[in-house]
Amino acid sequence: MNKTNIYAKFYLRQTLFTFQEASCYNGIILRIWYGMGMDSMGKRKDYINWDEYFMGIALLSALRSKDPNTRVGACIVNGRNKIMSVGYNGLPLGCSDDEFPWSREGDEYDTKYPYVCHAELNAILNHAGGPLDGCKIYVPLFPCNECAKAIIQSGIREIIYISDKYADTVGVKASKRMLDAAGVKYTRLKGTHSALTLSFEEKSI
């Protein structure tokens, strides 16, 4: 839609004026910018909401994971929308990513499962200090039963997630059973954006 075809009404000194793109009153230029993702004051309207922002940080953190199959990140946020901690699935400190297995198949001792620390637990353990009571945790994949235990014990009160693709597994069923009993809320992400794109190219800055 062409913005020159859009009219906006403004009250100025108790007088009603109608403007197209621009008008002048007492030497002051009033410019009206509609469309193109901006409101009448020139502010963008297509910015991401808080949930998308924090989930985006969780997804970005997941890119640090060395796991060739499943990369998950987590972001813990307090009631004032302040980030308390982040984490991603990986090995414990001191355990080399090059010396421990990442396979999902074979003898359990030679797979990743006995060694990898999940994103949610890492985020909780990475927290520098202070209580996490009442916080939210943003994680793309619904937490397993082991992470649910840590979430409950840490005082986190809500989980925001994207995928629940393992809903039929015993681990996730047990997770929900504990979360429900402990009164921890879990909510699927509801946003207005289906994807976010990051660019490190100078021309995009």
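Residues numbered from 1 in each chain as written. Predicted model: local features only at pLDDT ≥ 70, side-chain atom pairs only at ≥ 80, totals over all residues. Heavy atoms only, no water.

Colleague: Mind showing me how you'd approach the sheet that holds strand β8 (residues 158-161) here?
Modeller: Whether parallel or antiparallel, the strands of a sheet pair through hydrogen bonds between backbone atoms. Spatially, the five strands line up as an open sheet ordered β6-β5-β7-β8-β9, and their pairing is mixed. Of all strands in the sheet, those with a lone pairing partner are β6 (83-88) and β9 (185-188), marking the two edges. Mean inter-strand twist for the sheet, computed between neighbouring axes without regard to direction, equals 20°. Note: strand β5 (residues 73-77) against β6, five bridges, orientation antiparallel. (Pairing = 2+ DSSP bridges. Helix = DSSP H or I, 4+ residues; strand = E, 2+ residues; numbered from the N terminus. Axes fitted to C-alpha atoms, helices over the stretch in contact; angles between N-to-C directions.)

Colleague: It is not clear to me how the nonpolar core should be interpreted in this structure. Could you clarify?
Modeller: Across soluble globular proteins, nonpolar side chains have a tendency to be buried as a group. Membership of the largest hydrophobic core comes to 21 residues, with the highest contact counts inside it found for I76, I124, I137, I151, I156 and I159. Secondary structure elements with two or more residues in this core: β5, α2 (119-126), α3 (145-154), β8 and α4 (170-182). When near neighbours in sequence (up to four residues on either side) are disregarded, I156 contacts I76, I124, L132, C135, K136, I137, I151 and V184. Counting eight residues, the second-largest nonpolar core is a separate cluster that includes F54, A58, C75 and V77. (Core = buried A, V, L, I, M, F, W, Y, C linked by side-chain atoms within 4.5 Å. Buried < 20%, exposed > 50% of the residue type's maximum accessible area, 1.4 Å probe, protein only. Contact = heavy atoms within 4.5 Å.)

Colleague: Even after reading the chapter, I still don't get the packing of aromatic side chains, so can you show me in this structure?
Modeller: The description of two aromatic rings rests on the distance between their centres and on the angle between their planes. Under the counting rule described, the total for this entry stands at eight aromatic pairs. Arranged with centres 5.4 Å apart and planes meeting at 45°, the rings of F54 and Y138 form a pair that is tilted. Taken as a pair, F54 in helix α1 (residues 50-62) and Y138 in strand β7 (residues 136-138) lie far apart in primary sequence, 84 residues in all. Note on F54: relative accessible area 1%, which makes it buried. Each ring, one from F100 and one from Y115, has its centre 5.2 Å from the other, and the planes form 70°; the classification is edge-to-face. With a gap of 15 residues between them, F100 in the loop between β6 and α2 and Y115 in the loop between β6 and α2 connect regions that are remote in the sequence. Taken together, the aromatic side chains of W50, Y53, F54 and Y138 make up a single cluster linked through ring pairs. Cation over ring: K176 sits above F142, and NZ or CZ is 5.0 Å from the ring centre. (Phe/Tyr/Trp six-rings, centres within 6.5 Å; stacked < 30°, edge-to-face > 60°. Lys NZ or Arg CZ within 6 Å of the ring centre and 35° of its normal.)

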